[in-house]
Amino acid sequence: MKQLEQIEIIQSNRKTMAIQVKKTGQVVVRAPYWMKKADIYRLVEQREAWIKKHLKQLEEEQNNQIGEEEIKELVQKAKIQLPQKVSFYAKKLGVTYGRITIRHQKTRWGSCSSKGNLNFNCLLMKAPEEVQDYIVVHELCHRKQMNHSKKFWDEVEKILPEYKKQEKWLKTIGRTLI
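Residues numbered from 1 in each chain as written. Predicted model: local features only at pLDDT ≥ 70, side-chain atom pairs only at ≥ 80, totals over all residues. Heavy atoms only, no water.

Draft legend 1. Structural context of the nonpolar core. Ranked by internal contacts, the top residues of the largest apolar core, which has 36 residues, are L82, F120 and L140. Taken together, the elements giving at least two residues each to this core come down to α3 (68-93), β6 (118-121), α4 (129-141), α5 (150-159) and α6 (163-177). When residues in this core are grouped by element, the largest group, 9 residues, is from α3. When sequence neighbours within four positions are dropped, the list of residues in contact with L140 reads V86, Y89, A90, L93, V95, Y97 and L118. Listed in part, the 9 residues of the second largest apolar core include V27, V29, I40 and I51. (Core = buried A, V, L, I, M, F, W, Y, C linked by side-chain atoms within 4.5 Å. Buried < 20%, exposed > 50% of the residue type's maximum accessible area, 1.4 Å probe, protein only. Helix = DSSP H or I, 4+ residues; strand = E, 2+ residues; numbered from the N terminus. Contact = heavy atoms within 4.5 Å.)

Draft legend 2. Just the sheet that holds strand β5 (residues 110-112), in detail. The 3 strands are arranged β4-β6-β5 in an open sheet whose pairing can be described as mixed. For this open sheet the edge positions go to β4 (100-103) and β5, each flanked by a neighbour on one side alone. Taking each pair of neighbouring strands and ignoring which way they run, the sheet shows an average axis angle of 15 degrees. Pairing of β5 with β6 involves 3 bridges; the strand directions are antiparallel. Note that in β6 the partner of G110 across the bridge is F120. Sheet strands touched by α3: β4 and β6. Its angle to β4, the strand with the most contacts, is close to 145 degrees. (Pairing = 2+ DSSP bridges. Axes fitted to C-alpha atoms, helices over the stretch in contact; angles between N-to-C directions.)

Draft legend 3. Up close: the packing of α3 against α4. Where α3 contacts α4, the two axes come as close as 9 Å, and the packing angle between them is 55 degrees. With respect to α4, the axis of α3 lies oblique. In the crossing of α3 with α4, the sense of the turn from one axis to the other is right-handed. On α4, the residues that touch Q81, L82, K85, V86, Y89, A90 and L93 of α3 are E129, Q132, D133, V136, V137, L140 and C141. Here the residues of the contact of α3 with α4 are counted per class, giving 9 nonpolar, 2 polar and 3 charged. (Parallel < 35°, antiparallel > 145°, perpendicular 65-115°, else oblique. Left-handed = near helix turned anticlockwise from the far one by under 90°. Nonpolar A, V, L, I, M, F, W, Y, C, P; charged D, E, K, R; others polar.)

Draft legend 4. Expanded view of the packing of aromatic side chains. Counted by the stated rule, this structure contains 4 aromatic pairs. For the ring pair F88 and Y89, a centre distance of 4.9 Å and an interplane angle of 80 degrees mean the geometry is edge-to-face. Of the residues examined, Y89 reaches a relative accessible area of 9% and is grouped as buried. Centre to centre, the rings of Y134 and Y163 are 6.1 Å apart; their planes meet at 10 degrees, and the pair counts as stacked. One end of the pair, Y134, is in helix α4; the other, Y163, is in helix α6, and 29 residues separate them in sequence. This pair shows no difference in class: Y134 is buried, exactly as Y163 is. Through a chain of ring-to-ring contacts, the aromatic side chains of Y134, F152, W153 and Y163 assemble into a single cluster. (Phe/Tyr/Trp six-rings, centres within 6.5 Å; stacked < 30°, edge-to-face > 60°.)

Structural data, given as structure tokens:
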């Protein structure tokens, strides 16, 4: 690996070696005191593909970071589009809901409180329409089942029989947006 000089090695009283890729892109190797530097570098070279994969993922995540202006635009767009979707699907499901809030969140696409208030991530506006629909239906189904039981998923499936495709998108591509 050409970037060996950029790797931080921390030797301590441990039994195994671990490699960490920090959010800054820094690669940290933790190794036992007794391990020779040459052996550490050899193991790092053996894990080069893993390190490169994680560095690439980090770069993709950083490239997808958005500025304040774009967040404001996404919030405005979401405030127009998502309430329409909520109204449409709430009628189909036969449920009521409270307040709808749009935020820029780092970990969630949406949530539903026990009082029926709905929260949505403005980044949903960067997702395909079917994914937006899925998140809305998912949160509205919590008005019937405040859990992720089989009954809950049956409710989701009644409205969106192919919801698993949207879940897959969220776990693969969506993960890079949030």
